[in-house]
Amino acid sequence: MKKIVFITGATSGIGKASAYKFATNNCNLILTGRRKERLKKIKKDIEKKYGVRVKILKFDVRELVEVKSAINSLSDKWKGIDILINNAGLAAGMDHIQDGNIENWERMIDTNIKGLLYVSKMIMPLMIKNKRGHIINIGSIAGKEVYPKGNVYCATKHAVDALTKAMRIDLLPHNIKVTQIAPGAVETEFSIVRLGNKETAKKVYDGYEPLHPQDIADVCYYATTLPKHVNINDLLIMPTAQANAVTFYKKQQDK
C-alpha cells in the first residue's frame, strides 16, 4: 500500500519540495495551505508526473474551526495518514523586543505554535487508532539559539522543540515516531515574509550558498525510511557556510 503523507504549508518552499520528494517515491499526498490555486497547480503537476493521488485542503492552520472542518472532511481511506509534516511556519519582522509589533507576535505564535498544535491534535488520534505514524516537525536553528531581534520568533521555535520532545514521550506507547528537523538558512519565501521586501530578502543570501528546500525535503524523506526500531529524534542541518544562527562565511570576506 502507498503511504499517505500530510504536509502543511505545501504551496511553497520546504512543504512544496517535500510534496515532490514523497511523490517521486510513490506516496499519496494530502497537501494543505491557504493558496488554493497554487495547491491545484501542484496537485495537477504531481499527479501527471508521478501517478500518485493528491488530495488538497485549503485552510489556515491558525483557525481551529477551519483545521477541524478540513481534516474531518477526509474519507476513511484518506484518514490512514502515515506521515505528518508540520511545515507551516513563518517569521514576521525583526525588531528589538521593546519595539516589537504585537500583530507580528500574534501571527507567529498563532502559526508556529497553535497551528502546529491544531493540526497535530486532529491527526494524532488517527495515528493512534491505526497504531502507526511518523510526525516530523520543521523547527529551526532559532529553536536552539536566540539571536538579536529574533526574540518572539525564537521563542516560537523553542516551543516547537519542546513540543516535539513532549509528543515523543506521550506517543511512545502508540508506535508513533516523532522527529524534529531544524534547518539553518534556507532560501525560500521565509525572508520575503519576514522582511516584507523581495530585494532586501534576496541580500540575506548574498555571498554564500544557503540550503535549498530540496535539501530539507531529502532529509524529511530519509528520516521516514529507517527501520521500525530506529528514529531520528532531532536533526540540526546548516549550510556549509553557516556555523550558528548568526555566523556566516561569505565570499566577499575574501576580497
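You'll find the structure just up there.
Keep in mind it's a predicted model, so treat the numbers as computed, not measured.

Q: Would you mind going over the overall build of the chain in detail, with residue names and values included?
A: Secondary structure assignment for the chain yields 8 helices and 7 strands. A compact globule built from 255 residues would reach a C-alpha radius of gyration of about 18 Å, and the chain, at 18 Å, matches this within 12%. A principal-axis box enclosing the C-alpha atoms of the chain has dimensions of 55 × 40 × 40 Å. Contacts in the chain between residues at least 24 apart in sequence constitute 72% of all its contacts with a sequence separation of at least 6. Only carbon and sulfur atoms are counted for the fraction: they give 53% of the accessible area of the chain, which is about 13,000 Å². Of the charged side chains in the chain, 41 are positive and 25 negative; the average position of the first set lies 8 Å away from that of the second.

Q: An account of the sheet that holds strand S3 (residues 54-58) is needed here, citing residue identities and associated values.
A: In spatial order, the strands read S3-S2-S1-S4-S5-S6-S7; together these 7 strands make up an open sheet with parallel pairing. A single partner strand is all that each edge strand has here, and the edge strands are S3 and strand S7 (234-237). Each strand of the sheet is rotated relative to its neighbour by a mean of 15°, with strand direction disregarded. The sheet contact formed by strand S1 (residues 4-7) and strand S2 (residues 28-33) spans 4 bridges and is parallel. Note on S2: the bridge partner recorded for Ile7 is Leu31.

Q: Go over the packing of helix H1 (residues 13-24) against helix H8 (residues 213-223) with me, naming the residues and quoting the values.
A: Close contact between H1 and H8 brings their axes to 8 Å; oriented N to C, the two are set at 50°. Classed by the angle they form, the pair H1 and H8 counts as oblique. The crossing of H1 and H8 is right-handed. Between H1 and H8, the residues in contact are Gly13, Ile14, Ala17, Ser18, Lys21 and Phe22 and Pro213, Gln214, Ile216, Ala217, Asp218, Cys220 and Tyr221, respectively. Classifying every residue of the contact of H1 with H8 by side-chain character gives 8 nonpolar, 3 polar and 2 charged.

Q: Help me get a handle on the pattern of salt bridges, residues and values and all.
A: Applying the stated criterion across every chain yields a total of 10 salt bridges. The salt bridge partner of Asp60 is Arg62, with a shortest N-O separation of 2.8 Å. We classify Asp60 as buried; its relative accessible area is 11%. Classification of Arg62 as partly exposed rests on a relative accessible area of 26%. The partner of Lys165 in a salt bridge is Asp161, and the shortest N-O contact between them spans 3.2 Å. With Lys165 and Asp161 both in helix H5 (residues 151-170) and 4 residues apart, this pair spans about one turn of that helix.

Rules of the game
Residues numbered from 1 in each chain as written. Predicted model: local features only at pLDDT ≥ 70, side-chain atom pairs only at ≥ 80, totals over all residues. Heavy atoms only, no water. Helix = DSSP H or I, 4+ residues; strand = E, 2+ residues; numbered from the N terminus. Rg over C-alpha atoms; globule rule 2.2 N^0.38 Å. Contact = heavy atoms within 4.5 Å. Areas by Shrake-Rupley, 256 points an atom, 1.4 Å probe, with all protein chains shown as cover. Lys, Arg positive; Asp, Glu negative; His and termini not counted. Charge placed at Lys NZ, Arg CZ, Asp CG, Glu CD. Pairing = 2+ DSSP bridges. Axes fitted to C-alpha atoms, helices over the stretch in contact; angles between N-to-C directions. Parallel < 35°, antiparallel > 145°, perpendicular 65-115°, else oblique. Left-handed = near helix turned anticlockwise from the far one by under 90°. Nonpolar A, V, L, I, M, F, W, Y, C, P; charged D, E, K, R; others polar. Salt bridge = Lys/Arg side-chain N within 4 Å of Asp/Glu carboxyl O. Buried < 20%, exposed > 50% of the residue type's maximum accessible area, 1.4 Å probe, protein only.

Function cannot be read off these values alone, since they describe shape.
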